[in-house]
Amino acid sequence: MKNYADISLTEYLKKYFGFSYFKGNQEVIIRSVLSGHDTFVLMPTGGGKSLCYQLPALIMEGTAIVISPLIALMKNQVDAMRGFTEEGVAHFLNSTLNKAQITRVREDVVRGHTKMLYVAPESLTKEENIQFLKQLKISFYAVDEAHCISEWGHDFRPEYRRIRSIITQIGASPIIALTATATPKVQHDIQKNLDMLAANVFKSSFNRSNLYYEVRPKINTMKEIIKFIRANEGKSGIIYCLSRRKVEEVAEVLKVNGIKSLAYHAGMDAITRSNNQDSFLMEDVDVIVATIAFGMGIDKPDVRFVIHYNIPKSLEGYYQETGRAGRDGGEGQCIMFYGYKDIQKLEKFMQGKPIAEQEITKQLLMEASAFAESSICRRKFLLHYFGEEYTTENCENCDNCLNPKIQFEGEEYIKTVLEAILAVKEKFKIDYIIQILMGVSNSAIRSYEHDELEIFGEGADESPRLWNSVIRKALVEELIDKEIENYGLLHLTEKGRQYLENPYKIMITMDRTYEDGDDDDSVQVNSAKNGEIACDEELLSMLKQECKSVAKKLNLPPFVIFQDPSLEDMAILYPITIDELKNCQGVGEGKAKKYGKPFVELIKAYVDEKEIVRPQDMIVKSVVNKSSNKVFIIQSIDKRIDFADICQARDIDMMSLLDEIESIVNSGSKLNIDYYINEVLDEEKRDDIFDFFRNEAELGTMDEAMEALGDDYEEEEIRLVRIKFMSEIAN
Ligand code: ADP
Ligand code: MG
């Protein structure tokens, strides 16, 4: 094998990539690959892992096989490479290629022209590909996103576990494995599975000092989010939600509150999804609301905040997702909303899965919740999780460091915990230890006769929460260790045993509690109506008066201008700008602009004169009773789908459909249903009904119309035209 020890790598770096300096430890990593050693790279996202195999591949003889999980990512990488080098130097092989393309790729490879061949793991396992690869001179194998090998990684893929045996079939060459997931467990799994336990391991620091971490209780979540975004106006941000439904819902609420946002999840069609992604990248929208499907391979450097609407499923996931903030080294605020209900929900999802998988999922989730509840420096906690010690006392960039909780001296408590763990022979989990300390006598404890231990009930004067904090502290101090592979059994470390002999003072903070509030199931909105706030009767009657006079001037019935619920909201919220006016029920964009001006002027004058203190609190506007039916109906009507088909698709009758449409229109949205009206009603009838609402109606109700129009018209016909009328004239 050729000796590359003396070459100047910086020259190649400049030549192929145009960079003048290596980032972090890229150079030593590349030298390790060039020397023919197995190499294992743990480097955070954005650290520059690709270059660690791309550069040696370009330098070395033969073709490097790059195994990467995502077709989309692969294509990006290859296109990026083509930008740097000539055509054909990098190729990819996956299921999206047709016969002719495959032939082309093979020709280039056989010619020795191709230095890098990207292969999806499922293509690698195909017999014909194995046969083909066998003929080649392979410089090395690169396994990117190598955490996919481990069940403990956040993105396990079973086909990744076959990589090693296939490499053996094709012909052994050195391996470089790369990942941004650095838990010791995942690291070990990868090395073991790829049979590279003796590899040179290069681990960069995972500290992202520019990221600010904060966890907030899940109370008034939507309102908090809107407040946050408004305070960070114009900045790019991502909001992660657990479910597609929640994604749609949150995006919708943001939109009606005037925040430029779009949704992104795997259930959307590919075109919409990629359009939405582009809008975010091009900054046509500020905020993208997404499931974790969003972000793989996204390289937007100036994402300024990442919000977790739900608890992430694992801390690796959390680290990856928050890692998309502040890639350029600038500001990156990471806010998580945390409540117990989310945990319960996730645990429910697990039911029915194989037990082993359940246990893993549960452990990962418990780590995430421990992080959320902890009062320890968030950075310290995260880095500890990745096996990295962070020694700075105060990171000054997380909620726990900036607003520390009161601490207490914990030496005695820690000793008690360590003794309890020893007393049960280091074979039990956190919950069990706490039960022992609290003196809980249940059947499990009795069956082990642990209720007879001296330590049993020793901590009953304190709360379980305190013991939880003490145990977490002991874990972070590495006095004890949790056997993840053994379902989280606790044992003492060497340091822990020494501590019992020579104890010292350790300060402990009480973990935070997030037991209160949890509003996940409804996007809580404080529309004035559902509070007990009384409306200003004097103002209300002035507004009603104004409504009549505006109507008169425009020669329209008053109900077209604003209906009572809208006026009542105005008399509670005192909106004095058109924007604020839109916060009132039934006031959409169109209505506010068309009719709002005299109303906000009146309210402004009234507020000034009476020196009224307007409600300081921000009002968040809800989406009209945001059922999924409504979204579907709006979309269907936009596409001019026949009403009968809409009914059928949603399994509702025509009257319920009209109810839904009315409520959409009443809330201030415009809907154009002409295509349907023209089909079922002749012009003359339509105009008659329309004229009635335009010129004769006083209340605008259905009852009034049916009474006046008599038997010549069906109820359905009147309703349809009334919808058209309200939509066109009122909104
Ligand atoms: P990772 O796979 O670790 O997330 P990438 O390989 O995608 O990271 O690289 C992240 C970014 O860093 C890319 O835009 C890449 O071009 C850039 N980069 C990599 N190495 C260097 C370097 N030595 N100098 C400047 N930029 C670099
Ligand atoms: Mg990468």
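Residues numbered from 1 in each chain as written. Chains lettered and ligands numbered in written order. Predicted model: local features only at pLDDT ≥ 70, side-chain atom pairs only at ≥ 80, totals over all residues. Heavy atoms only, no water.

Q: An account of the sheet that holds strand β13 (residues 332–338) is requested, with residue identities and associated values reported.
A: Read from one edge of the open sheet, six strands run β8-β13-β12-β9-β11-β10, paired in parallel fashion. Bordering the open sheet on either side are β8 (211–217) and β10 (261–264), each of which pairs with just one other strand. Here the strands of the sheet are splayed against their neighbours by 15° on average, with no regard to which way each runs. Sheet topology note: the strand β12 (residues 303–308)/β13 ladder contains four bridges and is parallel. Across the sheet, residue Phe305 finds its bridge partner in β13, namely Gln333. (Pairing = 2+ DSSP bridges. Helix = DSSP H or I, 4+ residues; strand = E, 2+ residues; numbered from the N terminus. Axes fitted to C-alpha atoms, helices over the stretch in contact; angles between N-to-C directions.)

Q: With reference to specific residues and values, describe the pattern of salt bridges.
A: One pass over the full model with this rule turns up 30 salt bridges. Of the charged contacts in the structure, one is a salt bridge between Asp108 and Arg104, with a shortest N-O distance of 3.1 Å. Of the two residues, Asp108 and Arg104 both sit in helix α5 (residues 99–110), four residues apart, roughly one turn of that helix. Residue classification places Arg104 among the partly exposed residues on the basis of a relative accessible area of 37%. The salt bridge partner of Asp659 is Arg719, with a shortest N-O separation of 2.5 Å. Within this pair, whereas Asp659 is found in helix α31 (residues 654–666), its partner Arg719 is found in helix α35 (residues 715–730), the two being separated by 60 residues in sequence. Note on Asp659: relative accessible area 43%, which makes it partly exposed. Each of Asp579, Lys582, Glu589 and Lys593 takes part in one network of salt bridges that share partners. (Salt bridge = Lys/Arg side-chain N within 4 Å of Asp/Glu carboxyl O. Buried < 20%, exposed > 50% of the residue type's maximum accessible area, 1.4 Å probe, protein only.)

Q: Which residues make up the pairing of strand β2 (residues 63–67), and what are the values?
A: Burial analysis of β2 places five of its five residues in the buried class, which makes it a mostly covered element. Burial along β2 is two-sided: the face carrying Thr63, Ile65 and Ile67 and the face carrying Ala64 and Val66 are both buried. Summarising the sheet, β2 and strand β5 (residues 138–143) pair through four bridges and their orientation is parallel. Residue Ile67 lies in a different strand from β5, and its bridge partner there is Val143. Note: β2 against strand β4 (residues 116–119), four bridges, orientation parallel. Following the sheet pairing, Ala64 is matched in β4 by Met116.

Q: Provide a residue-level description of the domain arrangement of the chain, including the pertinent values.
A: For the chain, the domain assignment lists domain 1 (9–203), domain 2 (211–401), domain 3 (411–505), domain 4 (537–554 + 564–617) and domain 5 (628–730). Once you take the C-alpha centre of each, domain 1 and domain 2 turn out to be 29 Å apart. On the side of domain 2, 14 residues touch domain 1, which itself brings 17 residues to the contact. On the domain 1 side of the contact with domain 2, Thr45, Trp152 and His154 bury the most area, a combined 37% of that side's loss. (Domains from an automatic or database assignment. Contact = heavy atoms within 4.5 Å. Buried area = accessible area lost by both parts, 1.4 Å probe.)

Q: Before we move on, could you go through the sheet that holds strand β1 (residues 39–42) and cite the residues and values that matter?
A: What the seven strands build is an open sheet, ordered β3-β4-β2-β5-β6-β1-β7; its pairing is parallel. Only two strands of the sheet have a single neighbouring strand rather than two, namely β3 (90–93) and β7 (200–203). Recorded for the sheet is a direction-independent mean angle of 20° between the axes of neighbouring strands. Strand direction decides the pairing type here: β1 and strand β6 (residues 175–179), joined by four bridges, are parallel. Bridging from a neighbouring strand, Thr39 pairs with Ile176 of β6. Sheet strands touched by α5: β2, β3 and β4. Its angle to β3, the strand with the most contacts, is close to 135°. Packed on one face of the sheet, helix α8 (residues 163–170) meets β2, β5 and β6 and runs near 175° to β5.

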